[in-house]
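Structural overview for review
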Amino acid sequence: MKHILLTLMTTVLAACAHGPDNLPGSVDGEVFYLQRMALPPTATLKVTLQDVTLADAPAQILASQNGPIKGQVPLPFHLTYDQKQVQAGHTYSVSARIEVDGKLLMISTERYTVDLTLDEKPPVKIRLSPAR
């Protein structure tokens, strides 16, 4: 009897160790801009998910996607993050930028806040503005 109870408890604890908090979270969306222009073939897109809770400290990056741009706007993105990094009461946002040959071309100038506590997160639409 003790053996069956011990086996059952071990199975339950193992199942809890692989619960929803251990699954990776994700944020999806698209990046766009209003200017009528084609991007050069050397353009790269960087999208970042960050903890922006502390105003007087650098943001902590939870996930980022960086690579060459294929096609034109809207540009889709998919960020995967570790849910163990998410803390109650913290503020998270997504930002994006487009660079050409290492020089900034476009950047997001608004805060795009995401609620990482939601199971189903709405897609994020990030508008970029020309760098000045």
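Residues numbered from 1 in each chain as written. Predicted model: local features only at pLDDT ≥ 70, side-chain atom pairs only at ≥ 80, totals over all residues. Heavy atoms only, no water.

Per an unreviewed UniProt entry, the protein chain carries the name Putative lipoprotein YbaY and comes from Pseudomonas graminis.

Note that F32 resides in strand β1 (residues 24-33). Sequence separation of F32 and S129 is 97 residues, and the distance between their C-alpha atoms is 9.1 Å. Setting aside anything within four residues of it in sequence, one finds F32 in contact with V73, K125, I126, R127 and L128. (Helix = DSSP H or I, 4+ residues; strand = E, 2+ residues; numbered from the N terminus. Contact = heavy atoms within 4.5 Å.)

Glancing now at the nonpolar core. Formed by 27 residues in total, the largest nonpolar core has its most connected members in L49, I98 and I126. Counting only elements with at least two residues in this core, the list comes to β1, β2 (43-51), β3 (60-68), β4 (75-82), β5 (92-100), β7 (112-114) and β8 (124-130). Considering each element in turn, this core owes the most residues, five residues, to β5. Not counting chain neighbours up to four residues away, the residues in contact with I126 comprise E30, V31, F32, V47, F77, V94, S95, A96, S108 and Y112. (Core = buried A, V, L, I, M, F, W, Y, C linked by side-chain atoms within 4.5 Å. Buried < 20%, exposed > 50% of the residue type's maximum accessible area, 1.4 Å probe, protein only.)

With that out of the way, let us pick up the pattern of salt bridges. This structure, assessed with the given rule, holds two salt bridges. Residues E30 and K125 are paired through a salt bridge, measuring 3.3 Å at the closest nitrogen-oxygen approach. Linking E30 in strand β1 with K125 in strand β8, this pair joins segments that are 95 residues apart in sequence. Note on E30: relative accessible area 25%, which makes it partly exposed. (Salt bridge = Lys/Arg side-chain N within 4 Å of Asp/Glu carboxyl O.)

Attention shifts here to the pairing of β8. Bridging between β1 and β8 involves five bridges; their strand directions are parallel. Its bridge partner lying in β8, F32 is registered against R127. With three bridges joining them, strand β6 (residues 103-108) and β8 adopt antiparallel strand pairing. For M106, the partnering residue across the bridge sits in β8 and is P130. (Pairing = 2+ DSSP bridges.)

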